[in-house]
Structures are given as structure tokens and as C-alpha cells.
Amino acid sequence: MDPTQFQYVIRNGKKLDFHEFSNEMASRTFNYPRLSESKFPQLRDSMNKIYKIMQGKPLDKLTDSMMINLQRVFKWKFSQATDWRTENMYQFCCSIMFEASFMTLYGRDPVADGRNVISEMREKFTKFDAKFPYLVVNVPIALLGNTKSIREELIQFFMPHKMNTRHDLAEVIEARKDILENYDVLRDYDKAAHHFAFLWASVGNTIPATFWAMYYLVRHPEALASVRDEIDHLLQSTGQKRGPNCDIHITREQLDSLVLLGNLFSFFYLH
Ligand code: HEM
């Protein structure tokens, strides 16, 4: 598609059927059986219903948890640093967003060293994601080096016996788990593959959106200053400070009121 025509396609979104395409593509890329109504009655509908947990007011809890986890990840990175370090900006955004999103959605394993598990998952995920565009255009996975075995390892992580021992799963993940449990025709592996697909959906867009937002802000200091100003103003009006030892709490509604920051992300979504 001519990229300059993208906005016209998006404006006609209602006439385009995403599911016709995504049903086939997702089952192939994430390796679960197609969501046909005859084999899995109501499954697609039930899954769609729980997306309500991720819209409007019910999103408050997820937003709060993401905010806490983002700060946890930053503090951890900061505590590990002994000096200035140069890092590839995409990898930096990837590690922050992946780790915070992962903890927010999949909680924690009460036994294993969570950090090691997450960074191992992130490395595997990054390798899989690099090959994702090829899978989407139907390149056989066998031609994509070790992508198949990496996908296998990622899926194994979400097997029901492992998911059942994790604590503090997000409400949306619990709800998906409960729905999948009702389908005996799905193998444990298929259920795990569905969870893996959700992991991809949760960070597949936020990582590049964060990267592009940061990239443009760094290249346009006047925009960076305005966005900073907007955030500082909100912090001030809510009696908060920024600094290494300050925990920040911004509600979903307050986030929505950040017009400049919001515009920045809408801009990347449409471009
Ligand atoms: C910058 C952030 C994001 C963008 C731009 C984005 C964009 C999209 C788009 C365009 C679709 C296809 C929707 C359709 O036409 O039906 C989609 C689907 C989906 N997204 Fe996102 N998304 C983002 C973040 C997230 C996050 C954070 C999550 C989960 C925590 C998520 C979960 C999903 C899921 C589960 C679907 C599939 C829905 C279905 O089965 O119909 N997304 N996303």
C-alpha cells in the first residue's frame, strides 16, 4: 500500500474486516487452531467480551499496575547502573516496555527469580518479533532459522500448569484463562499458544510506539520541553514531585488529560 494513502484506509475501517484476516494469520503465526464457530462455539465472542475489562473505567486497575511496574523497572535499572551507559534506543524501549507489561499482565512466579525469567522471555520475544513480518506474509517458519524452536519455548512458558502457579495475574488474563479452560477440545498447548498471542498483542505495538515517541522527542527539543512541562504541571497540581526517590501516581483520567502526550501517541498510531 502507498503509505500516503494509509489515513484513507483507516478512515474506512468499518468497511474492512480485520477478523477475516487475523483469524487465519494469528492461528498460523502463533500456532493454535483457527477459531471456527463449529469447533469452538462462542469462543471468539467470549474472548471479545472480556476486552471490555480493558476499556474506560475498568482500565484504571491495569493503568495503576502498569505505572507501578514501569517505576519498578526504571528503579531496578537505575540501581544496577554504576556509570553512564550507551544503549540502543529501540532495545532500551523494548526492555522497559516488555518487562513492565509482562509483570502487569502475568504477575509473578512465587518461586523462580522473576527478573531472570522475564529477561530470558524478552530475548526470545525479540528474536521472534524480528521474524514476525515474514510469518505474516506466509513465509514458512521452517525457512526462518530457529524461529520455530523459539516460538515453542515461548509457548511452553504459558502452559496451564505454569499459569496456574503464578500470582497476581491481571484480571484480563485470568478471564481469558477461565474461558480457555472451558474448551476441552483445546489442548493445553493450544491454550498456551493463545496466551502467547496475547503477549504479542500487548507489546507488539506499544514497543514501537514508545520508540517512535521517544525518537521524535529527542530530535525535537521544543516538543520535549512542552511535553515535560505538561507532565510537570500535572505533578505540581497533584502535589507530586519527580526524582529518583519519588513514586509517581497518575490516574487513567489524569493521563487522558495530557493532551500533548496523547497527541504524540495518536500521531504515531496514524503514521
Ligand atoms: C500503541 C498501542 C496499541 C496499538 C496501536 C494497538 C493496535 C491494535 C489494532 C489496530 C488491533 C486490531 C483491532 C481490530 O481492528 O479489530 C489490535 C488488536 C488487539 N490488541 Fe492492540 N494495540 C495496542 C496496544 C495493545 C495492548 C497494550 C494490548 C493488551 C494489553 C492489546 C491487545 C490487543 C488484542 C488482544 C487484540 C486482538 C483483538 C481481537 O482478537 O479482535 N493491544 N490492536
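Residues numbered from 1 in each chain as written. Predicted model: local features only at pLDDT ≥ 70, side-chain atom pairs only at ≥ 80, totals over all residues. Heavy atoms only, no water.

**Things to note about the overall build of the protein chain**
Summing up its helical and strand segments, the protein chain has 14 helices and zero strands in all. A compact globule built from 271 residues would reach a C-alpha radius of gyration of about 18 Å, and the protein chain, at 20 Å, matches this within 12%. Overall, the protein chain is about 55 × 50 × 40 Å in size when its C-alpha atoms are taken along their principal axes. Out of the 271 residues in the protein chain, the part that is buried amounts to 37%. In the structure as shown, the protein chain presents an accessible area of about 16700 Å², 57% of it carried by carbon and sulfur atoms. (Helix = DSSP H or I, 4+ residues; strand = E, 2+ residues; numbered from the N terminus. Rg over C-alpha atoms; globule rule 2.2 N^0.38 Å. Buried < 20%, exposed > 50% of the residue type's maximum accessible area, 1.4 Å probe, protein only. Areas by Shrake-Rupley, 256 points an atom, 1.4 Å probe, with all protein chains shown as cover.)

**Some thoughts on helix α9 (residues 171–181)**
Of the positions making up α9, those classed as buried are Val172, Ile173, Ala175, Arg176, Lys177, Ile179 and Leu180. Where α9 is buried, its residues touch α3 (43–49), α5 (89–106), α8 (160–163) and α10 (188–204). (Contact = heavy atoms within 4.5 Å.)

**Comments concerning the state of the cysteines**
Covalent bonding between the sulfur atoms of two cysteines is what defines a disulfide. Across all of its chains, the model carries zero disulfides by this definition. You can see cysteine 94 has no disulfide; the closest cysteine sulfur is in cysteine 93, sitting 8.6 Å from it. (Disulfide = S-S within 2.5 Å.)

**So, the pattern of salt bridges**
Counted according to the given criterion, the structure contains 15 salt bridges. Residues lysine 57 and aspartate 60 are paired through a salt bridge, measuring 2.8 Å at the closest nitrogen-oxygen approach. Using a relative accessible area of 56% as the deciding quantity, one classes lysine 57 as exposed. Between arginine 122 and glutamate 99 there is a salt bridge, with the nearest N and O atoms lying 3.1 Å from each other. In this pair, arginine 122 sits in helix α6 (residues 114–136) while glutamate 99 sits in helix α5, placing the two residues 23 residues apart along the sequence. Of the two residues examined, arginine 122 and glutamate 99, each falls in the buried class. (Salt bridge = Lys/Arg side-chain N within 4 Å of Asp/Glu carboxyl O.)

**Digging into the packing of aromatic side chains**
The final tally for this structure, using the stated rule, is 20 aromatic pairs. Through successive ring pairs, a cluster of aromatic residues spans Phe98, Phe102, Tyr106, Phe125, Phe157 and Phe158. (Phe/Tyr/Trp six-rings, centres within 6.5 Å; stacked < 30°, edge-to-face > 60°.)

**A short note on the nonpolar core**
In terms of nonpolar packing, the biggest core is built from 45 residues, with Tyr106 and Phe158 touching the most fellow members. Those elements giving two or more residues to this core turn out to be α2 (18–30), α4 (59–80), α5, α6, α7 (147–157), α9 and α10. Among the nonpolar cores identified, the runner-up in size contains eleven residues, and Phe40, Leu43, Met47 and Ile50 belong to it. (Core = buried A, V, L, I, M, F, W, Y, C linked by side-chain atoms within 4.5 Å.)

**Overview of the packing of α5 against α10**
Axis separation between α5 and α10 bottoms out at 10 Å; the angle between their running directions is 135°. On the basis of their axis angle, the class for α5 and α10 is oblique. For the element pair α5 and α10, the recorded crossing hand is right-handed. Facing α5, whose interface residues are Met97, Phe98, Ser101, Phe102, Leu105 and Tyr106, α10 presents His195, Phe198, Leu199, Ser202 and Val203. (Axes fitted to C-alpha atoms, helices over the stretch in contact; angles between N-to-C directions. Parallel < 35°, antiparallel > 145°, perpendicular 65-115°, else oblique. Left-handed = near helix turned anticlockwise from the far one by under 90°.)

**Overview of unusual backbone geometry**
As a rule of thumb, non-glycine residues mostly have phi less than zero, and peptide bonds are mostly trans rather than cis. Phi angles above zero are rare outside glycine, and asparagine 31 is one such case at about 70°. With respect to the helices and strands, the residue asparagine 31 is situated in the loop between α2 and α3. Assessed through its relative accessible area of 29%, asparagine 31 is described here as partly exposed. One non-glycine residue, glutamine 42, adopts positive backbone phi at about 70°. Along the polypeptide, glutamine 42 turns up in the loop between α2 and α3.

**Concerning the packing of α5 against helix α11 (residues 206–219)**
Direction vectors running N to C along α5 and α11 enclose 130°, while the axes themselves pass 9 Å from each other. With respect to α11, the element α5 is oriented oblique. Along this stretch, α5 crosses α11, giving a crossing that reads as right-handed. On α11, the residues touching Met89, Tyr90, Phe92, Cys93, Cys94, Met97 and Phe98 of α5 are Thr206, Ile207, Pro208, Thr210, Phe211, Met214, Tyr215 and Val218. For the contact of α5 with α11, the residue count by class is 13 nonpolar, two polar and no charged. (Nonpolar A, V, L, I, M, F, W, Y, C, P; charged D, E, K, R; others polar.)

**Let's talk about the domain arrangement of the protein chain**
It is common to give the size of an interface as the accessible area lost on bringing the parts into contact. Segmenting the protein chain into domains produces domain 1 (16–203) and domain 2 (220–270). Domain 1 puts ten residues into the contact, and the matching count from domain 2 is eight residues. Interface area for domain 1 against domain 2, summed over the two sides, is near 770 Å², with a carbon-plus-sulfur share of 49%. Counting every contact that joins domain 1 to domain 2 gives two salt bridges. Across the contact surface, domain 1 and domain 2 share five residue pairs in polar contact (both at pLDDT 80 or more). Residues of the side of domain 1 that touches domain 2, tallied by class, amount to three nonpolar, three polar and four charged. (Domains from an automatic or database assignment. Buried area = accessible area lost by both parts, 1.4 Å probe. Polar contact = N/O pair within 3.5 Å; in protein donor to acceptor, adjacent residues only side chain to side chain.)

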